[in-house]
Amino acid sequence: PWATGEQEQQQQEGEGDVSEGALTVMRRVEDLSTTVGEIRGYLLDADSHLGGPAAEGAAAVLQEFLGVVAGLEEDLLVVLDDPTAAEAESWLRSFSASFESSGLGRKL
């Protein structure tokens with residue numbers, strides 16, 4: 001069946017909401033990545049006086065986190081290409097699965 005003008009408008013508005021939400025999430029994830037990268041750098045910085053195996057281990061976990069997040073950011077671009085609720089839900093499932101399957105959630 002053909003969509004009515006009102007149905008098309010609602011679909012476009014829904015896509016706009018998903019796009020706005022995806023852009024907001026992307027900006028916040030980028031901010032989080034920047035902060036985690038700074039913390040990682042601090043842990044490895046000799047001036048932090050936190051050196052040693054524990055700091056190196058924590059920095060390695062943070063590096064792993066940054067790798068997972070980078071992949072999720074790329075996946076978020078798919079949501080922006082096809083801003084539907086189904087794509088957003090798929091991304092959220094991927095987000096959860098990335099931390100569960102890698103064991104990263106437990107490590108953090």
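Data block above holds the structure.
Let me begin by describing the structure that accompanies this report. Fair warning: this is a prediction, and the values are worked out from it, not measured in the lab.

## Here we look at the packing of helix α2 (residues 53-81) against helix α3 (residues 85-102)
Point 1. Contact geometry for α2 and α3: axes closest at 10 Å, N-to-C directions at 165 degrees. Viewed along their axes, α2 and α3 adopt a mutual orientation that is roughly antiparallel. Seen from above, α2 lies across α3 with right-handed handedness. Packed against α2, whose contacting residues are E64, F65, V68, V69, L72, D75, L76, V78 and V79, the element α3 presents E87, A88, W91, S94, F95, S98, F99 and S102 at the interface.

## Here we look at the environment of V25
Point 1. In this structure, V25 sits in helix α1 (residues 5-44).
Point 2. The sequence separation of V25 and E73 amounts to 48 residues, and the corresponding C-alpha distance is 9.1 Å.
Point 3. Each residue touching V25, except ones within four places of it in the same chain, is listed here: L76 and W91.

## With respect to the nonpolar core
Point 1. One finds F65, L76, V79, F99 and L104 to be the most contacted residues of the largest nonpolar core, which totals 19 residues.
Point 2. Counting residues per element, the ones that place at least two in this core are α1, α2 and α3.
Point 3. Of all the elements, α2 adds the most residues to this core, at 10 residues.
Point 4. When neighbours within four sequence positions are excluded, F99 is seen to be in contact with F65, V68, V69, L72, L104 and G105.

## Things to note about α3
Point 1. Along its 18 residues, α3 runs 26 Å from first to last C-alpha, staying within 8% of the 26 Å computed at 1.5 Å per residue.
Point 2. Listed as buried for α3 are W91, S98 and F99. Seen along its axis, α3 keeps its buried residues to an arc of 85 degrees; they face one direction. Looking at α3, the residues exposed on the side facing more than 90 degrees away from the buried face are A86, R93, E100 and S101.
Point 3. At the C-terminal side of α3, G103 shows a positive phi close to 75 degrees.

Calculation rules
Residues numbered from 1 in each chain as written. Predicted model: local features only at pLDDT ≥ 70, side-chain atom pairs only at ≥ 80, totals over all residues. Heavy atoms only, no water. Axes fitted to C-alpha atoms, helices over the stretch in contact; angles between N-to-C directions. Helix = DSSP H or I, 4+ residues; strand = E, 2+ residues; numbered from the N terminus. Parallel < 35°, antiparallel > 145°, perpendicular 65-115°, else oblique. Left-handed = near helix turned anticlockwise from the far one by under 90°. Contact = heavy atoms within 4.5 Å. Core = buried A, V, L, I, M, F, W, Y, C linked by side-chain atoms within 4.5 Å. Buried < 20%, exposed > 50% of the residue type's maximum accessible area, 1.4 Å probe, protein only. Expected span 1.5 Å × (residues − 1). Arc of directions from axis to C-beta.

Nothing here speaks to function; it is geometry throughout.
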